[in-house]
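Coordinates in review
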Amino acid sequence: MRVHGRVGDTMTTDTDPVLAEDPITGEEIELPADVEVGEIIDSPVTGTELEVISLDPVVLEEAPELEEDWGE
Amino acid sequence: MRIGVLYSRIRRDEKLLLSELRDRGHDVEKIDVRRERFGLESTTANVGDLDLVVDRCLSTSRSLYATQFLDSYGVPVVNGPETGDVCADKAKNSLALAEADIPTPATEVTFTKEAAMESIEEFGYPCVLKPVVGSWGRLMAKIDTRSAAEAILEHKETLGHYEHKVFYVQEFVDKPGRDVRVLAVDGEPIAAMTRSSDHWLTNAAKGGETKSFDLDDRALELVDRASEAVGGGMLGVDLMEVGGTDSGEYTVHEVNHTVEFKALDEASEVDVPAKVVDWLESKAEQASDAAEAQV
């Protein structure tokens, strides 16, 4: 089964792929089954980094750009 | 146990950690620090009944403030704000290592480009200029000539944030094409790897090739002492081999407080996330015992 929208607030609970709309192109893209809120996904369409904002429903946004104090 | 995870971006490292925590049946509270407010007495973050919070903030500034606030509420957090404060700043990091008599590259800090030029000339060429806050090899400069030094210093002074006017100048260590990253918890190594590259920067984030590494007694001792020097916790201790790969001598150039471990997990045979969660469980138990003792 392929679904838009997930159970749980911040993580998925099954092994089915998750479908979402690419916020830049509007195309439907497939996310890993174990996708998490806060996770960064590379758009398979444009290569842009997308952040998973919510899972129910699945919402993606363009990820924040790298900042100078990011790292270890 | 209820374990909080401070984050602003879920990397592969956080996914490994979250997965291991959930597999063991722990109740995980993900705390996106971008969405929370931190007051002097309390926070909007749901931290009230957490046994432990682990800081996985990608942003150093958020990491430092968020852990400081949680600590002020009495919420047990690893790594603690004191460790973060020392590790997040390369100058404080170098001072802590030197004060503990741990071999570390010769370093000077200056506040004007003229004074920085004097440091650079005294170190000789090549030497290294680093931002005091930064990671993944960003904005690091290996300076080979005086004219390059002049250009870099002028750019930093003109274009930079005020922190770029703190010039951190360091000797260039002629390492054998690799450095050593050790993930350690309170001084006890979980795993270690070398990071190799033809480039002078060997960071895994810069594409350095990683390979599992066996620590000798001297490296074990230095990791333990470096951990203690910065206040302990889950740390990435970086060493360079001095005098070749078989010399058994090292210099510790950095200790990282929000350490990434995905590359180490892939390079070594150790189940790194499992070892990390073992340690988190022990820290949560310690925090719980300490809280009970206070009642």
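Scoring rules and cut-offs
- Residues numbered from 1 in each chain as written.
- Chains lettered and ligands numbered in written order.
- Predicted model: local features only at pLDDT ≥ 70, side-chain atom pairs only at ≥ 80, totals over all residues.
- Heavy atoms only, no water.
- Domains from an automatic or database assignment.
- Contact = heavy atoms within 4.5 Å.
- Buried area = accessible area lost by both parts, 1.4 Å probe.
- Salt bridge = Lys/Arg side-chain N within 4 Å of Asp/Glu carboxyl O.
- Polar contact = N/O pair within 3.5 Å; in protein donor to acceptor, adjacent residues only side chain to side chain.

So, on to the domain arrangement of chain B. Residues and elements named next belong to chain B. Under the domain assignment, chain B is made up of domain 1 (2-78), domain 2 (106-171) and domain 3 (175-272). Between domain 1 and domain 3, the C-alpha centre-to-centre distance is 26 Å. The interface is formed by 10 residues belonging to domain 1 together with 8 residues belonging to domain 3. Contact between domain 1 and domain 3 buries roughly 830 Å² in total, counting both sides, with carbon and sulfur atoms accounting for 53%. Sorting the residues of domain 1 by area buried against domain 3 places Asp13, Leu16 and Arg56 first, and these three jointly supply 49% of that buried surface. The tally of links from domain 1 across to domain 3 stands at 2 salt bridges.

All right, on to the interface of chain A and chain B then. In this assembly, 20 residues from chain A lie in contact with 29 residues from chain B. Approximately 2,100 Å² of surface area, both sides summed, lies buried where chain A meets chain B, with 39% of it carried by carbon and sulfur atoms. Inspection of the region where chain A meets chain B yields 7 salt bridges. Where lysine 30 of chain B meets glutamate 36 of chain A, a salt bridge forms, and the shortest distance between an N and an O atom there is 2.7 Å. Joining chain A to chain B, the criterion identifies 20 residue pairs in polar contact (both at pLDDT 80 or more).

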